[in-house]
Amino acid sequence: MDKSAQISQLSLKYGFMLAAVSIALSLTMHFINPVLVYTNVMVSIGIFILFITLLVVSGINIRKEIGGFWTFGEAFKAFLVISLILAITATIYNFVLMKLIDPDLPAKAAAAIEDAQRAMMEKFGLGNDEIDEAMAKAGNMQEKLEPSFKNTFTSFGVSIASYGVISLILAAILKKKPPVTFNTFPTEG
């Protein structure tokens, strides 16, 4: 098998493994507290760090399995395939979660987000009129969370763009060229 096909095959393998981890983690978080991911910044940051770590480990494992060396382009291709699988899986999962598993989640999450925003603005000393004005400018949070075609498409686009940037960064960090060796000994002809 050539190197490009091997990278594609390994990227698919790790992409589906990370997608399974993502769904399992999301379901676990949902059963613990359905709105925790929407209202707790530290949980969101923790999940982000976990997935960056898993992407790095996946990249290092792929690089080892193909011989220990790959170009920026090969690394970027691997991360992009993994990212595409993660984005598609997350989009489908969120749609199913909010339409079939927990159709009340957009309303519950919107209420929790608005309560958290209101509490934060009160901490900053804003008055009720200012808070109401800011909340009105933010728009209807429930509409933004509903799994409509527009919201699903937008979410997928943002995911692809975000993962694309992460893929570029990780490919630049994890590329590894084989060492240059000079053969100074004459060869017999």
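Calculation criteria
- Residues numbered from 1 in each chain as written.
- Predicted model: local features only at pLDDT ≥ 70, side-chain atom pairs only at ≥ 80, totals over all residues.
- Heavy atoms only, no water.
- Helix = DSSP H or I, 4+ residues; strand = E, 2+ residues; numbered from the N terminus.
- Contact = heavy atoms within 4.5 Å.
- Patch = residues over 30% accessible without salt bridge, like charges linked within 9 Å, V, L, I, M, F, W, Y side chains within 5 Å.
- Areas by Shrake-Rupley, 256 points an atom, 1.4 Å probe, with all protein chains shown as cover.
- Salt bridge = Lys/Arg side-chain N within 4 Å of Asp/Glu carboxyl O.
- Buried < 20%, exposed > 50% of the residue type's maximum accessible area, 1.4 Å probe, protein only.
- Axes fitted to C-alpha atoms, helices over the stretch in contact; angles between N-to-C directions.
- Parallel < 35°, antiparallel > 145°, perpendicular 65-115°, else oblique.
- Left-handed = near helix turned anticlockwise from the far one by under 90°.
- Nonpolar A, V, L, I, M, F, W, Y, C, P; charged D, E, K, R; others polar.
- Core = buried A, V, L, I, M, F, W, Y, C linked by side-chain atoms within 4.5 Å.

Visitor: I would appreciate a short explanation of the side chain of histidine 30 in the present structure.
Guide: Here histidine 30 shows up in helix H1 (residues 3–32). When residues no more than four places from it in sequence are discounted, the contact partners of histidine 30 are Leu97, Asp102 and Leu105.

Visitor: In this structure, what is going on with a nonpolar patch on the surface? I would like to understand it.
Guide: Together, Leu84, Ile88, Ile92, Phe95, Val96, Leu100, Ile101 and Ile160 line one region of the surface with nonpolar side chains, adding up to about 680 Å² of accessible area. Within the secondary structure, phenylalanine 95 sits in helix H4 (residues 72–101). Given a relative accessible area of 36%, phenylalanine 95 falls into the partly exposed group.

Visitor: Would you mind showing me how to read the environment of alanine 116 here?
Guide: With respect to the helices, strands and loops of the structure, alanine 116 is situated in helix H5 (residues 105–123). Remark: the alpha-carbon pair of alanine 116 and proline 103, spanning 13 residues in sequence, is separated by 21 Å.

Visitor: Any chance you could explain the packing of H1 against helix H3 (residues 41–65) here in plain terms?
Guide: Each packed pair of helices is defined by two parameters, the angle between the axes and the distance between the axes. Running from amino to carboxyl end, H1 crosses H3 at an angle of 160°, the nearest separation of the two axes being 10 Å. As the angle between them shows, H1 and H3 are arranged roughly antiparallel. Taken as a pair, H1 and H3 cross one another with a handedness that is right-handed. Contacts between H1 and H3 involve Gln6, Leu10, Ser11, Lys13, Tyr14, Leu18, Val21, Ser22, Leu25 and Met29 from the former and Val43, Ile47, Leu50, Phe51, Leu54, Leu55, Ser58, Asn61, Ile62 and Glu65 from the latter. Residues that form the contact of H1 with H3 fall into these classes: 13 nonpolar, five polar and two charged.

Visitor: Looking at this structure, I do not really get the environment of valine 21. What am I missing?
Guide: Here valine 21 is to be found in helix H1. Along the primary structure valine 21 and phenylalanine 51 are separated by 30 residues, whereas in three dimensions their C-alpha atoms are 9.4 Å apart.

Visitor: Would you mind going over the pattern of salt bridges with me for this structure?
Guide: Two side chains bearing opposite charge may form a pair once their charged atoms approach each other closely. For the coordinates displayed, the defined rule picks out four salt bridges. Two residues, aspartate 102 and lysine 108, come together in a salt bridge whose shortest N-O distance is 3.2 Å. The shortest N-O distance in the salt bridge between glutamate 133 and lysine 137 comes to 3.6 Å. With glutamate 133 and lysine 137 both in helix H6 (residues 128–138), this residue pair falls four residues apart, about one helical turn. Note on glutamate 133: relative accessible area 46%, which makes it partly exposed. Residue classification places lysine 137 among the exposed residues on the basis of a relative accessible area of 67%.

Visitor: Looking at this structure, how should I read the environment of valine 96?
Guide: Relative to the assigned elements, valine 96 resides in helix H4. Between the alpha carbons of valine 96 and proline 147 there is a distance of 8.7 Å; along the sequence they are 51 residues apart.

Visitor: Is there a simple way to think about the packing of H3 against helix H8 (residues 149–174) in this case?
Guide: Put simply, H3 and H8 touch, their axes get as near as 11 Å, and they point 45° apart. Classified by the angle their axes make, H3 and H8 are oblique. The hand of the H3/H8 crossing is right-handed. From H3, Phe48, Ile52, Leu55, Val56, Gly59, Ile60 and Arg63 reach across to H8, where they touch Ile166, Leu170 and Leu174. In terms of residue class, the contact of H3 with H8 is made up of eight nonpolar, one polar and one charged.

Visitor: Whenever I open this one, the nonpolar core confuses me. Can you help?
Guide: One broad rule of soluble globular proteins: the nonpolar side chains tend to lie buried together. With 21 residues, the main nonpolar core has Leu55, Ile62, Trp70, Phe79, Ile82 and Leu86 as its most contacted residues. Counting residues per element, the ones that place at least two in this core are H1, H3, H4 and H8. When residues of this core are assigned to their parent elements, the largest contribution, seven residues, is made by H4. Apart from residues lying up to four places away in sequence, isoleucine 82 is in contact with Ser11, Tyr14, Gly15, Leu18, Leu55, Ser58 and Ile62. Judged by nonpolar contacts, the second largest core, of 11 residues, contains Val35, Leu97, Ala109 and Ile113.

Coordinates in, geometry out; function isn't part of it.
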